[in-house]
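Now for the letters of each chain:
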Amino acid sequence: MYQEYKIVVNTAAGRRRYMQYLIPYIVSSEIVDRYDVWVNTHNGADIEFFKRIAEKFPKVNLVWQPDGVVNGNKSINAFYKACVEPNTIYFKLDDDIVWMEPELIEKMVKFRVDNPRYFVVSPLVINNSLSTYLLQLENKLKLNAYYQAYASDSVLWKSGNFAQELHAWFIKNYLKDRQWEKLYVGKKEMGMTRFSINAILWFGDEMKKFAGIIPGDDEEFISCIYPTQQGMSNAWNGDAIVAHFAFYTQREALDKNGILERYGEINNRQWHTDKQRAEIYDAVQQVMNEIQAEEQELLSKASPYKRIVPKVTWRQRIKKLVPQVLLDVKGFLADRKDRSGYILS
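Residues numbered from 1 in each chain as written. Predicted model: local features only at pLDDT ≥ 70, side-chain atom pairs only at ≥ 80, totals over all residues. Heavy atoms only, no water.

S.K.: Explain the overall build of the protein chain to me, and be specific about the residues and the numbers.
M.R.: Helix and strand counts for the protein chain come out as 13 helices and 11 strands. Against the 2.2 N^0.38 benchmark of 20 Å for 345 residues, the protein chain shows a C-alpha radius of gyration of 20 Å, consistent with a compact globule. Oriented by its inertia axes, the alpha-carbon framework of the protein chain measures out at about 60 × 50 × 45 Å. In the protein chain, once contacts between residues fewer than 6 apart in sequence are set aside, the share between residues at least 24 apart is 81%. By element, 50% of the accessible surface of the protein chain is carried by carbon and sulfur atoms, the whole surface being about 16600 Å². Seen as two clouds, the 46 positive and the 43 negative side-chain charges of the protein chain have centres 6 Å apart. (Helix = DSSP H or I, 4+ residues; strand = E, 2+ residues; numbered from the N terminus. Rg over C-alpha atoms; globule rule 2.2 N^0.38 Å. Contact = heavy atoms within 4.5 Å. Areas by Shrake-Rupley, 256 points an atom, 1.4 Å probe, with all protein chains shown as cover. Lys, Arg positive; Asp, Glu negative; His and termini not counted. Charge placed at Lys NZ, Arg CZ, Asp CG, Glu CD.)

S.K.: Go over the packing of helix α1 (residues 16–27) against helix α2 (residues 44–56) with me, naming the residues and quoting the values.
M.R.: Close contact between α1 and α2 brings their axes to 11 Å; oriented N to C, the two are set at 20 degrees. The pairing of α1 with α2 is recorded here as roughly parallel in orientation. Classified by chirality, the crossing of α2 by α1 is right-handed. On the side of α1, the interface is formed by Arg-16, Met-19, Gln-20 and Ile-23, while α2 contributes Ala-45, Asp-46, Phe-49, Phe-50 and Ile-53. (Axes fitted to C-alpha atoms, helices over the stretch in contact; angles between N-to-C directions. Parallel < 35°, antiparallel > 145°, perpendicular 65-115°, else oblique. Left-handed = near helix turned anticlockwise from the far one by under 90°.)

S.K.: Just give me the short version of the packing of helix α5 (residues 160–175) against helix α9 (residues 259–271), but keep the residues and values in it.
M.R.: Closest axis-to-axis distance for the α5/α9 pair is 10 Å, and the angle between their directions is 20 degrees. By the angle class used here, α5 and α9 are roughly parallel. Regarding α5 and α9, the two cross each other, and that crossing is left-handed. Counting all contacts with α5, which are made through Gln-164, His-167, Ala-168, Phe-170, Ile-171 and Leu-175, the residues of α9 involved are Ile-259, Arg-262, Tyr-263 and Ile-266. Of the residues assigned to the contact of α5 with α9, the class counts are seven nonpolar, two polar and one charged. (Nonpolar A, V, L, I, M, F, W, Y, C, P; charged D, E, K, R; others polar.)

S.K.: Mind laying out the packing of aromatic side chains, listing which residues take part and the relevant values?
M.R.: Inspection of the entire model under this criterion finds 22 aromatic pairs. Measuring from ring centre to ring centre gives 5.2 Å for Tyr-25 and Trp-271, while their planes differ by 70 degrees; the resulting arrangement is edge-to-face. Taken together, the positions of Tyr-25 in helix α1 and Trp-271 in helix α9 put the pair 246 residues apart, joining distant regions of the chain. The pair formed by Tyr-25 and Trp-271 is uniform in burial state, with each residue classed as buried. The positively charged end of Arg-277 is found above the aromatic ring belonging to Trp-271, 4.1 Å away from the centroid. (Phe/Tyr/Trp six-rings, centres within 6.5 Å; stacked < 30°, edge-to-face > 60°. Buried < 20%, exposed > 50% of the residue type's maximum accessible area, 1.4 Å probe, protein only. Lys NZ or Arg CZ within 6 Å of the ring centre and 35° of its normal.)

S.K.: Talk me through α1; I want residue IDs and the actual numbers.
M.R.: Taking 1.5 Å per residue, 12 residues should reach 16 Å; α1 reaches 15 Å between its end C-alpha atoms and fits that length. Along α1, 11 of the 12 residues are buried, which leaves the element largely enclosed by surrounding structure. Turning to α1, its buried residues number three or more, namely Arg-16, Tyr-18, Met-19, Gln-20, Tyr-21, Leu-22, Ile-23, Pro-24, Tyr-25, Ile-26 and Val-27. (Expected span 1.5 Å × (residues − 1).)

S.K.: Which residues make up the pattern of salt bridges, and what values go with them?
M.R.: Throughout the structure, instances matching the rule amount to 21 salt bridges. Two residues, Asp-46 and Arg-16, come together in a salt bridge whose shortest N-O distance is 2.6 Å. In this pair, Asp-46 sits in helix α2 while Arg-16 sits in helix α1, placing the two residues 30 residues apart along the sequence. A single burial state applies to Asp-46 and to Arg-16, both of which are buried. Residue Lys-256 is joined to Glu-252 by a salt bridge in which the shortest nitrogen-to-oxygen separation is 3.5 Å. In this pair, Lys-256 and Glu-252 both sit in helix α8 (residues 251–256), four residues apart, roughly one turn of the helix. Residue classification places Lys-256 among the exposed residues on the basis of a relative accessible area of 63%. According to the relative accessible area criterion, Glu-252 is exposed, its value standing at 56%. (Salt bridge = Lys/Arg side-chain N within 4 Å of Asp/Glu carboxyl O.)

S.K.: Help me get a handle on the nonpolar core, residues and values and all.
M.R.: Nonpolar side chains in soluble globular proteins generally cluster together in the buried interior. One finds Phe-49, Trp-99 and Phe-170 to be the most contacted residues of the largest nonpolar core, which totals 118 residues. Leave out the neighbours within four places in its chain, and Trp-99 touches Tyr-25, Phe-170, Leu-175, Trp-180, Ile-241, Val-242, Ala-243, Tyr-263, Ile-266, Asn-267 and Gln-270. (Core = buried A, V, L, I, M, F, W, Y, C linked by side-chain atoms within 4.5 Å.)

S.K.: So what about the environment of Ala-278? Which residues, and what values?
M.R.: Its place among the elements puts Ala-278 in helix α10 (residues 275–293). The spacing of Ala-278 and Met-192 is 86 residues in sequence and 43 Å in space, taken between C-alpha atoms. Beyond its immediate stretch of four places on either side in the chain, Ala-278 contacts Trp-271 and His-272.

Okay, here's the thing in structure tokens:
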């Protein structure tokens, strides 16, 4: 609880390889009343991980897809219908938020209460196009060119090499020596602008006005369509920072460069500075190890959900006819185009 508000954190889950680092932040927060894990996957090992985490931590509540269908991002919208409780603040975090500054949840809930006129509020997110734009604009991050405030920018959103450089820059210059406060940019208001909703807070009472019914792309509707229709705006709390691992366009490059493992090392050190905190972190790691040992068996289990057979697009049909050598050349040229050297300092 915070003042008169119940605090509910939720995550569309998910992938345990990332959530092993996210879960300790949430279950250790004293003001979080409930952690809703939206089970939105067919992966039997990940599902069993969530079940065992829920057994260990009473705060964790598994929420099953209401329609009994899982189809990637397309099946997430149905979960919002339950996010309409009165006097409740919801904090939705992507499953690949891999680091938060200490007391981040408390700081963001306070900001949410102190700024009720915005539809959603967000912390400053490392690896989010518009958050990167803010860092650029405030001269916190010097880039090789000026990049526009565009959610799907070909560099700030799409580039794996850029994301690798950005995470390495943040870890080396600000995270290892606990200097992230130097990146603070204050409160920033935004409106009529789509942004990636990696970490957002809203009031259940506001979501209840449209019964949590979100048509189409939830990111477009939440960040842009609804607030614009209502004459509202959104805002960043630029004095609170989280790290978001990757968009799908970036993941391969980050995995090649061991970025997730670097965050894992930092989290391990951070959580072992205090006995009680270490017990929480170690309990999650114990479950991870158990699942890893049983992974093959768990992956063979039938999904509790109906599967949607994806439609084959004309691009996919054509791709099957293209010789592999040409695809390899295309990939090579794309890698050359996605060069390095985006970050100057």
